[in-house]
Every structure is written in structure tokens, then in C-alpha cells.
Amino acid sequence: MERSSSSSSNTTTFHEGSEAAFPEDVKHRMVAFASKKGMDMHNPPSMLRGVSELKERGDLILKILEENKEELCLDIFEPDDDGISCILNVHNESLFKFVEVAFARYKKQLGDDDDVEYLQNDSFAVGYMYSEQARLHAIEVLEDETLNIMYAAGLFLGDSVTIITEGTFHAAYQAAQCAISAMKSLFFPKKKLRRKLSSLKAATPNFEKIGEDPPITSYALCRPPGHHASASVAGGYCFFNNVAIAAQFAVDNGYRVSILDVDFHHGNGTQKIFYKRKDVLFVSMHCDPKLMFPFWSGYEEEIGEGEGEGFNMNISLPIGTNGGEFMNELRTRALPRLAEKRMDILLISFGGDTARDDPEGGFLLDTPDFEEMGYAIRTAFPTKRICVIQEGGYGLEVLDKNVKAFLKGLL
């Protein structure tokens, strides 16, 4: 799915450096990236028990963004296509291949029955998922179409609610491209990177659209979400880890990044990807995993390993946490830790499932709390570029309003 891009005579001017480039009392432009066609291609049946990651989520968010572009100082773009290499810098090729071919293989096994709408895994390689032998068997299954694709499903799908439909791969691919485009829109020319950035600009159509007033905040409407996907296993509605892909893309281009995850559920995939690394700080605020998914990951004693020790921080909160309690933990624990590490760009895994009455949640945040959350983050980092990646949020009555409120707080 690589796409070549023609060179451009782009003369876009970028602000120098990341600090003191923006006055603190000025509203700055925001850019958003969304692929309506991509989101529509992943459409799990709504009647499936336990599946809340539905097409309507993306529709509602995109609609409210389009209706409030002036208030949010927002421009909305389709993502560029940076090819598969940015995804494979985070995920192993076998997982990528499985997501790409699984539905077609499954449907073919069932005699190309037109009634087949989705693949749902019901058999798991417990204790075997990360073994070398399993990896070799998985490659064999992916290469030999006479073998049962459900063998690979048991290795690459970590639960039964991460549904694959005919268009899932294309939707997940486009979600990753949205994250990459949102990250690229924030790049600025550090001295040692001038030549590299000039080349990147020439290969990036959206730089021309963004113009001479670069944004300080970007938003990627990613559907399906990504933070539960590890390098080799999909799960929790997630196939490719969009925030990790954006972070790695930034690191590969010479930028220092940190990640703040404010989804109701722990970003276990993001943690696993960066757990042994010191170049990306990961801070997550989430429900106590003894009570809610993902259960096996997200405990406060998990602080990183090897070189990554001290660069992973989990803030575990009880069911029933309200807006004031959440904000206190954000201000007194999460934001101070993020401020300790030098960074050029802050990535935020934003989940709206911390909202009151969210069907997948258990916190009690209301719409004003989301605006306050965004404001607290922007106040803590008034001159930092911030890249927001959409994760969860399943209460269709309030999701769009809460996304808008959070982004408004970041202005």
C-alpha cells in the first residue's frame, strides 16, 4: 500500500524550536485528520454481545468537528498515505499480514458464503501466544491458504470482541495514517534536522494546505482505536497502535515525545511496546485493572524494565472516580511527571469512556470536566505541541460533545 508522492515547491515557514515559539495568551490553530471512508469500512454488527466500537462513534465525532471548526480554530484534512513502513516500525509483519488477509481467508474457508459478515475469535493460544514456535507456525499458516486461518486468529486476537470485517484492515490502516499525519503537522525545524524536514515537506501534500501558520495542536480521529494493540497481538477493539506508531514516527525523525493516556482502560499495548525503552515516557490514568479490562496490565508497580525503568507510570483509579478526583490526580501526579522529561511533542491517547454512564466505563466525568482536562494540560505545557489520538468512548449521547470540550480546553 505504498504510495509515491511527487515533490512540491512548498515554501512553508516553520517556527524555530519548541519552547517560547508561541505566546501563551493566543488561541492557536488546530488541525484534525480523519478518513470518513476508512472509518466506514470497519462496521461490526451492533447486535454482537459486548461490542461497543461501532461506526456511529466516528460519524458523531466528525460531524461535531465539522460544525464547530470556527470555534475550535480547526481545519480538517484527509490523511496522507505514508505507506506500511511506519506501521511495521512498531508492529511485526505477521500481525499486519493477519489483519490484512484474515477476513478473506475465513470467508473462503466457509465456501465464499455471502452471509459471512465478520470473523470472531473463540479459541486462544493461552501461554503460547508469544512463543517462537507459535510465531513460526503463524507464518506458515499465513503463507499456506490450505491451512485454517483460525489458528492464526488464536495467536493474533487477544479477545472475542476484536471483530474483523471485510473492511477492517483498510480502516485500521487509515487510522494509523491519520495518526502519522497529525504528528507530521506539528513538526518544526530543529537545526540538525533542517535538510530532513525539507525532504519530508516535499513528500507531504498536507504541509502545503497547512500553510505558514503551523498548528500547536493536532487531532487524529482514529477508528478503530489502537492503545490495546501490542507489537504482535490485537485486542480491545484495537488492531494497530496508532499512538505508538505516531510516537515512533516522531522519534525516527529526531523528536522527543512523551505519551499521556487518559482512556478509562489502561493502554496495555502502548505500555508493552515502550516498556523497556527510555526514549518515550508513558503515563497512563485509568481504572484499577483488578476491576476492569485489561486486568493483567496497568498496576502502579509497573514502572518499566531495563533501560525503561522509571519511564512507565500507571495511575490506577477506583470505579466511581468523579471529575474533581480525576483532575486532582492529573494535576498532582501525571502532569508533574511529564514535566520532568524533556520533550518536543506530547501525545495524548484520549478516551471519552471516562464519561458518566459510558457503557464501557465506570467513572463519573461530565462534559465540563473534559474541557477542564484539556485546559489543565495546555496550562501545564503552554508552548508544547500536542498531538491527540482518539481512543475509546462509547456513550453515543455524549461522546462527540466530550471530544469537542477536550479539544476546546487545549486551545
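One can find the structure itself at the top, above this paragraph.
Residues numbered from 1 in each chain as written. Predicted model: local features only at pLDDT ≥ 70, side-chain atom pairs only at ≥ 80, totals over all residues. Heavy atoms only, no water.

Caption draft 1: Quick peek at helix α14 (residues 399-409). Counting buried positions over the 11 residues of α14 gives nine, a clear majority of the element. All of the buried residues along α14 are Leu399, Asp400, Asn402, Val403, Lys404, Ala405, Phe406, Leu407 and Gly409. Where α14 is buried, its residues meet β1 (30-33), α2 (55-67), β5 (217-220), β9 (345-350), α13 (367-380) and β10 (385-390). (Buried < 20%, exposed > 50% of the residue type's maximum accessible area, 1.4 Å probe, protein only. Helix = DSSP H or I, 4+ residues; strand = E, 2+ residues; numbered from the N terminus. Contact = heavy atoms within 4.5 Å.)

Caption draft 2: Inspection of the sheet that holds β9 at higher detail. Taken in spatial order, the eight strands of this open sheet run β2-β1-β5-β10-β9-β6-β7-β8, and their pairing is parallel. In this open sheet, the two strands that pair with only one neighbour each are β2 (74-77) and β8 (312-317). Pairwise comparison of adjacent strand axes, ignoring direction, gives a mean angle of 15° for this sheet. Across four bridges, the pairing between β5 and β10 is parallel. For Tyr219, the partnering residue across the bridge sits in β10 and is Val388. (Pairing = 2+ DSSP bridges. Axes fitted to C-alpha atoms, helices over the stretch in contact; angles between N-to-C directions.)

Caption draft 3: Up close: the packing of helix α5 (residues 132-143) against helix α6 (residues 149-156). In contact at an axis separation of 9 Å, α5 and α6 are set at 140° when each is read in the N-to-C sense. Our classification of the angle between α5 and α6 gives oblique. Pair α5 / α6 crosses with left-handed handedness. Across from Ala134, His137, Ala138, Val141 and Leu142 in α5, the residues of α6 making contact are Ile149, Tyr151, Ala152, Leu155 and Phe156. For the contact of α5 with α6, a count of residues per class yields nine nonpolar, one polar and no charged. (Parallel < 35°, antiparallel > 145°, perpendicular 65-115°, else oblique. Left-handed = near helix turned anticlockwise from the far one by under 90°. Nonpolar A, V, L, I, M, F, W, Y, C, P; charged D, E, K, R; others polar.)

Caption draft 4: The pattern of salt bridges, seen in detail. Overall, the coordinates contain 24 salt bridges when judged by the stated rule. For Asp82, the salt bridge goes to Lys184, with nearest N and O atoms at 2.9 Å. On the criterion of sequence distance, the pair formed by Asp82 in the loop between β2 and α3 (85-88) and Lys184 in helix α7 (residues 168-184) is long-range, its members being 102 residues apart. The salt bridge involving Arg337 is made with Glu340; its shortest N-O contact spans 3.1 Å. Of this pair, Arg337 and Glu340 both sit in helix α12 (residues 323-340), three residues apart, which is roughly one turn of the helix. In this structure, a network of salt bridges that share partners links the residues Lys36, Asp40, Lys55 and Asp59. (Salt bridge = Lys/Arg side-chain N within 4 Å of Asp/Glu carboxyl O.)

Caption draft 5: The arrangement of a negative patch on the surface in detail. Taken together, Asp112, Asp113, Asp115 and Glu117 make up a surface patch of like negative charges. For Asp112, the location among the structural elements is in the loop between α4 (93-109) and β3 (118-119). (Patch = residues over 30% accessible without salt bridge, like charges linked within 9 Å, V, L, I, M, F, W, Y side chains within 5 Å. Areas by Shrake-Rupley, 256 points an atom, 1.4 Å probe, with all protein chains shown as cover. Lys, Arg positive; Asp, Glu negative; His and termini not counted. Charge placed at Lys NZ, Arg CZ, Asp CG, Glu CD.)

Caption draft 6: Molecular detail of the environment of Gly392. Within the secondary structure, Gly392 is located in the loop between β10 and α14. With relative accessibility at 2%, the residue Gly392 sits in the buried group. Placed 42 residues apart in sequence, Gly392 and Phe350 show a C-alpha to C-alpha distance of 7.2 Å.

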